[in-house]
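# Residue-level structure breakdown
Here's the letter readout for the chains.
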Amino acid sequence: GAVAGSSGINAEYGNANEADESVGQAEGINSTLTSKNAATNAASPPRPSNSKSPSNLNNTLDNAASVLDLEGQYLKFVQDITREILISNITSDRALKMLFERHMMANAGKLNEAIMQLKIDELKDKLNIT
C-alpha cells in the first residue's frame, strides 16, 4: 500500500522538492485569496436581513427535517402492518381489520388518526383488499 502510494507521488511530482514547491504555491494562492476576501468583506456594507438569513434557513431546515421525520413515522407504520400481514399470512377480512385497528391504537397520540386511516386505505388498495 505505502510503496504504491510513494511511487505515485514520485511519478506525479518527480521528487519531494517538486512536491514541496507545489504545496508552497497552493499555500501562497490560499493566502492571497484569504487577503482579498478580508479586504472585500471590510469594504462591503452590512447585508440587509432577508428571508435567506442563517436563522431563517435553519428554521426551514428544521421544518424540513420534521416533515421527513413524520413521513418516516408513517412509512414505518405502513411497513409494520405490511410485515405482519406477510409474516403471519393474514388473509381474512376480520383478521386484517383487527390488525389495522391494533396498529392504529398502538400509534394513537403519536400519529394523526385520519392520516393513519388514509395510509391503511392506500395499503388496502395496493394489496387489493376491500
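Above this text you will find the structure in question.
This report concerns the structure included in the present document.

Procedures and definitions
Residues numbered from 1 in each chain as written. Predicted model: local features only at pLDDT ≥ 70, side-chain atom pairs only at ≥ 80, totals over all residues. Heavy atoms only, no water. Helix = DSSP H or I, 4+ residues; strand = E, 2+ residues; numbered from the N terminus. Contact = heavy atoms within 4.5 Å. Areas by Shrake-Rupley, 256 points an atom, 1.4 Å probe, with all protein chains shown as cover. Buried < 20%, exposed > 50% of the residue type's maximum accessible area, 1.4 Å probe, protein only. Expected span 1.5 Å × (residues − 1). Salt bridge = Lys/Arg side-chain N within 4 Å of Asp/Glu carboxyl O.

### What about the overall build of the chain?
A count of helical and extended segments in the chain gives 5 helices and 0 strands. Helices and strands appear in the chain in the N-to-C order α-α-α-α-α. A separation threshold of at least 6 residues defines the contact pool for the chain, and within that pool the share at least 24 residues apart is 49%. Put simply, the chain shows about 10200 Å² of open surface, and 56% of that area lies on carbon and sulfur atoms.

### As for the side chain of H103
Relative to the helices and strands, H103 resides in helix α4 (residues 93–106). Judged by its relative accessible area of 11%, H103 is buried. Ignoring anything within four residues of it in the chain, the contact list for H103 reads F77, D80, I81 and E84.

### Re helix α3 (residues 54–88)
In this model, α3 (35 residues) spans 50 Å end to end at C-alpha, consistent with the 51 Å of a helix rising 1.5 Å per residue. Among all positions in α3, only Y74, F77, V78, I81 and I85 are buried. In this structure, the buried side of α3 is in contact with α4 and α5 (113–126).

### Quick word on the pattern of salt bridges
Between side chains of opposite charge, a pair can form when the charged atoms approach closely. The final tally for this structure, using the stated rule, is 4 salt bridges. R83 is the partner of D80 in a salt bridge, and the nearest nitrogen-oxygen pair spans 3.2 Å. Taken together, the positions of D80 and R83, both in helix α3 and 3 residues apart, correspond to about one turn of that helix. Using a relative accessible area of 23% as the deciding quantity, one classes D80 as partly exposed. K119 is paired through a salt bridge with E122; the nearest N and O atoms lie 4.0 Å apart. With K119 and E122 both in helix α5 and 3 residues apart, this pair spans about one turn of that helix. Given a relative accessible area of 26%, K119 falls into the partly exposed group. Relative accessible area serves as the criterion here: at 33%, E122 is assigned to the partly exposed category. A single network of salt bridges, built from pairs that share partners, joins K76, D80 and R83.

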